[in-house]
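Structure at a glance
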Protein chains: 2
Amino acid sequence: MNSWIEGADSRETHFPIQNLPFGAAKLPDGSIACVSAIGSFVVSLTALEAAKLLDTGSDGDLFNQDNLNNFMARGSNIWRSVRNQLVDLLELNGKPDLKNSSRLQVKVLFLQSDVEMKLPFTVAEFTDFYAGKQHAQNVGAMFRGVSDLPANWLHIPIGYNGRASTVVVSGTDIRRPNGQLKPLGADQPVFGPSNKMDVELELGAVVGTGNKMGTPITIAEADEMIFGYVLINDWSSRDIQAWEYQPLGPFQGKAFGTSIGAWIVTKDALEPFRTQLPPRDLPNLPYLEETKPGLYDINLKVDLTPKNASKPTTICQTNYNRMYYSLAQQLTHHAIGGCQMNTGDLLGSGTISGTKPSEFGSLLELSWNGERQIECTGGEARTFIEDYDRLTMTGWAQGEGYIIGFGECTGCILPAIKM
Amino acid sequence: MNSWIEGADSRETHFPIQNLPFGAAKLPDGSIACVSAIGSFVVSLTALEAAKLLDTGSDGDLFNQDNLNNFMARGSNIWRSVRNQLVDLLELNGKPDLKNSSRLQVKVLFLQSDVEMKLPFTVAEFTDFYAGKQHAQNVGAMFRGVSDLPANWLHIPIGYNGRASTVVVSGTDIRRPNGQLKPLGADQPVFGPSNKMDVELELGAVVGTGNKMGTPITIAEADEMIFGYVLINDWSSRDIQAWEYQPLGPFQGKAFGTSIGAWIVTKDALEPFRTQLPPRDLPNLPYLEETKPGLYDINLKVDLTPKNASKPTTICQTNYNRMYYSLAQQLTHHAIGGCQMNTGDLLGSGTISGTKPSEFGSLLELSWNGERQIECTGGEARTFIEDYDRLTMTGWAQGEGYIIGFGECTGCILPAIKM
């Protein structure tokens, strides 16, 4: 499949016609539009709908919004219909309406470099999981002195509720938090800036349609409810977390900010890259049995650009196929007791770490809690994040002659507020 | 201070003119209105605003809403102004406009028995704390075999993020969840209905105004941001919780439902009942030092009505003044690392248990994890909640000749869905 859009057929672009992810952008005129991406351009769905080139069956205001929530709430038939209409408008031999009208193109197409990406959806609630086996073993070894998995781990896709109010879009600076820290050997905590700022590389599922309170869902229903996937950097303060997290879990160590990529990649675009879960170490209970290949073959990479450095250093290369539980399993478990899931709920996979040290998805693991320096280009070295360092995640699935990309999820750490 | 409303001066009513809590109600005509309560009546703020008897400085639509969120977001000056205008309209010797107009009264006043109370605000996010020392010691003894407080407990008002989507108003039935359980002595978990359904008696702070991401708040600012207080029943499934909660905290054991009282009692109404925190066992870090009496003298009671019983049995009588941390301290800690708090955030105090066994605020503690039967009126006995049992919480502050009541927070447990 090819597109008439200049550059969209490049083997390097994250956004060929096979992708068509969804997002929201502030356009050069200051308005905010729902958009898709193709090559170096964004496509305004808001303008296409206004020009009656997208049949959305909803009085023409499905995309006349600051975000995708209304669209997401409409369900998988309309998601697929819009995607198919977009393909038709952008394909080389498709519907000529946009291709042949410069008048329309100037209203619909914008260079990505000319727009500012916004949070693609209003996050209803954010739940973070813990589905990477290697990560769970690594953290256990460092935080609890044992690399054995917790007793429940092979049965439950362990998750906890995170904070939705501080989920921000890629590009937003994140301020280092102050908090309670217990220095090694001290008998009292002190208050001050976190000294162990970290990243967590995750993939997120964006819930499109919900369920009713009291009504559990099946794995197949969960998969149907997922609108698409985004990159997540679940920024973490390891020293705040270590002191606070027992007995009730992470709280302020995770509450100061979570970055997500600007682009939600659809299930349809990722369908060719589905891959099996790894074999079960112990059988899952029936409600958690996957009905199809539950993971995706998505390459993931984390770059660290130290303050003043001219070039990034790749500190992690891994793949989403390393996980033990799928996001459909996690969503099913989330609702199994009757918990209501809503449009805009965001579920994080948990940190994605492969078995090799170069595949660890957090600095905690890469530096083994600060014991090992991570060498960066230009002579710098890091254990945790220093002020003004930039962390950038990317992800892509490799097709035959094209890639399905997630764009990037980037953020720079600012110094803590002086208190 | 007296009111011209019939019965509002009774020493028994929860809603004398000194109270004037806020809520939302479905009126007999099917419309939903923002309301206050006086004696046996609700007062439609929506109708008062429409009749131009409330100056809300906002084009007359502050209460033309299904809930209080817009009002809450406006801040403490308008909260107090509306309250003062209500007092003036309802006081015996106040402004005569409502008192002297039957035409207005039929639009503004409704019997509480004729309306259906709705969720008073849209819950943005729900955070649950753990600020009762006796409760923490009791749970530690039962779940972890030690009654010592966790090492961080005297320094941090421990909290975790709960689930907002299943917060419901008093009167809503709650369905017993299914989930993973690990029977005593079993080596594998099983799936089925929870056998240890419990209540948790809590007081909740409703956040009216928020802070910006990255901007911590002081204790004084936190107190100013709190719109008012509600009763909370943080329903808990102890067997699901016990198997899932390590290492990342409670999840499905708490996600199936949380009930709140229909009435938000204002800080102004509770001001005469402020009371000091208990002495600190260890000094708090400066950011957590309370600047005024941080607790309130609020009597609390939990009644259990077994299925088919004609009368409730009071199973717990305690007081909010038993807590170790105030809700202002908890809110301050919540935001100290830069977490953004929003209008509609709900913070639960944690289970309120006094030192005497009759003051324990959960069945887990009252039955000592099922070891001890709780005798109920009419020959029934309980350790945990059985299907069709009703749990009802009430709370009130005792003034001189009047009480400031919270109404009740009640719910009935329905059988689990068959799966």
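Residues numbered from 1 in each chain as written. Chains lettered and ligands numbered in written order. Predicted model: local features only at pLDDT ≥ 70, side-chain atom pairs only at ≥ 80, totals over all residues. Heavy atoms only, no water.

Remarks on the overall build of chain A
Within chain A, the secondary structure is distributed over eleven helices and 26 strands. A compact globule built from 419 residues would reach a C-alpha radius of gyration of about 22 Å, and chain A, at 21 Å, matches this within 12%. The C-alpha extent of chain A, read off along each of the three principal axes, is 70 × 55 × 40 Å. Residues counted as buried form 63% of the 419 residues belonging to chain A. Sequence-distant contacts, at least 24 apart, represent 71% of the contacts inside chain A between residues at least 6 apart. Element-wise, carbon and sulfur atoms account for 47% of the exposed surface of chain A, whose accessible area totals about 15,100 Å². (Helix = DSSP H or I, 4+ residues; strand = E, 2+ residues; numbered from the N terminus. Rg over C-alpha atoms; globule rule 2.2 N^0.38 Å. Buried < 20%, exposed > 50% of the residue type's maximum accessible area, 1.4 Å probe, protein only. Contact = heavy atoms within 4.5 Å. Areas by Shrake-Rupley, 256 points an atom, 1.4 Å probe, with all protein chains shown as cover.)

Some remarks on the interface of chain A and chain B
Taken together, the contact pairs 64 residues of chain A with 64 residues of chain B. Summing both partners gives a buried area of about 5,300 Å² for chain A against chain B, and 63% of it is carried by carbon and sulfur. Taken as a group, Arg163, Leu248 and Phe251 of chain A account for 15% of the area that chain A buries against chain B, more than any other trio of residues on that side. On the surface where chain A and chain B come into contact, there are four salt bridges. A salt bridge links Glu125 of chain B to Arg163 of chain A; the shortest N-O distance between them is 3.4 Å. Linking chain A to chain B there are 25 residue pairs in polar contact (both at pLDDT 80 or more). Only β6 (126–129), β7 (159–161), β9 (174–175), β10 (178–181), β11 (190–193), α7 (238–244), α8 (252–255) and α10 (327–335) of chain A provide two or more residues apiece to the side of chain A that touches chain B. For the side of chain A that touches chain B, the residue count by class is 35 nonpolar, 23 polar and six charged. (Buried area = accessible area lost by both parts, 1.4 Å probe. Salt bridge = Lys/Arg side-chain N within 4 Å of Asp/Glu carboxyl O. Polar contact = N/O pair within 3.5 Å; in protein donor to acceptor, adjacent residues only side chain to side chain. Nonpolar A, V, L, I, M, F, W, Y, C, P; charged D, E, K, R; others polar.)

Section: the packing of aromatic side chains
With the rule as written, the count across this model stands at 26 aromatic pairs over all chains. An aromatic cluster is present here, built from Phe22, Phe63, Phe71, Trp79 and Phe227 of chain A joined pairwise through their rings. Over the face of the ring belonging to Tyr324 of chain A we find Arg280 of chain A, whose NZ or CZ atom lies 3.8 Å from the ring centre. Note that Arg280 of chain B overlies the ring of Tyr325 of chain B, its terminal NZ or CZ placed 5.7 Å from the centroid. (Phe/Tyr/Trp six-rings, centres within 6.5 Å; stacked < 30°, edge-to-face > 60°. Lys NZ or Arg CZ within 6 Å of the ring centre and 35° of its normal.)

Side note on the pattern of salt bridges
Tallied over the entire structure, the rule returns 36 salt bridges over all chains. Between Arg80 of chain B and Asp268 of chain B there is a salt bridge, with the nearest N and O atoms lying 2.8 Å from each other. Taken together, the residues Arg80 of chain B in helix α3 (residues 76–90) and Asp268 of chain B in helix α9 (residues 267–270) connect sequence positions 188 residues apart. Connected through salt bridges with shared partners, the residues Asp198, Glu200, Asp234, Arg238 and Lys254 of chain A form a single ionic network.

A look at the relation of the copies chain A and chain B
The second copy of the chain is related to the first by a rotation about an axis and a shift along the axis. Each copy superposes on the other: chain A lies on chain B with an RMSD of 0.0 Å after a rotation of 180 degrees and an axial shift of 0.0 Å. Seen this way, the second copy is the image of the first under a two-fold rotation axis. In terms of proximity to the rotation axis, the leading residue of chain A is Gly249 of chain A, whose C-alpha is 2.2 Å off the axis. Mapped onto chain B, 100% of the interface residues of chain A are again interface residues, and the two copies thus contact each other with one and the same surface. (Least-squares fit on C-alpha atoms with pLDDT ≥ 70 in both.)

A look at the pairing of strand β3 (residues 41–44) of chain B
All names here are of chain B. Alternating positions in β3 separate into two faces, Phe41 and Val43 on one and Val42 and Ser44 on the other, with burial throughout. As consecutive antiparallel partners, strand β2 (residues 32–38) and β3 are separated by two residues, and within that stretch Gly39 has a phi angle of approximately 55 degrees, a positive value. By the bridge criterion, three bridges tie β3 to strand β4 (residues 109–111) in an arrangement that is antiparallel. In the strand pairing of β4, Val42 is matched with Phe110. (Pairing = 2+ DSSP bridges.)

Thoughts on the sheet that holds strand β3 (residues 41–44) of chain A
Residue and element names in this part refer to chain A. Taken in spatial order, the five strands make up an open sheet running β4-β3-β2-β1-β5, and their pairing is antiparallel. In this open sheet, the two strands that pair with only one neighbour each are β4 (109–111) and β5 (116–118). Direction aside, the axes of adjacent strands within the sheet are offset by 45 degrees on average. (Axes fitted to C-alpha atoms, helices over the stretch in contact; angles between N-to-C directions.)

Let's talk about unusual backbone geometry
Put simply, Gln246 of chain A and Pro247 of chain A share a cis peptide bond, and its omega is 10 degrees. Positioned with a positive phi, Tyr388 of chain A is a non-glycine residue whose angle comes to about 70 degrees. Here Tyr388 of chain A shows up in the loop between β24 (381–382) and β25 (390–398). Here Asn369 of chain B, not a glycine, exhibits a phi torsion of approximately 55 degrees, which is positive. As for its position among the elements, Asn369 of chain B is in the loop between α11 (363–366) and β23 (374–375).

Looking at the sheet that holds strand β20 (residues 299–305) of chain B
Residue and element names in this part refer to chain B. Strand order in this open sheet of five strands is β9-β26-β25-β20-β21, and the pairing throughout is mixed. Edge positions in the sheet fall to β9 (174–175) and β21 (313–319), since each has one partner strand and no second. Sheet topology note: the β20/β21 ladder contains six bridges and is antiparallel. Bridge assignment links Val302 to a residue of β21, and that residue is Cys316.

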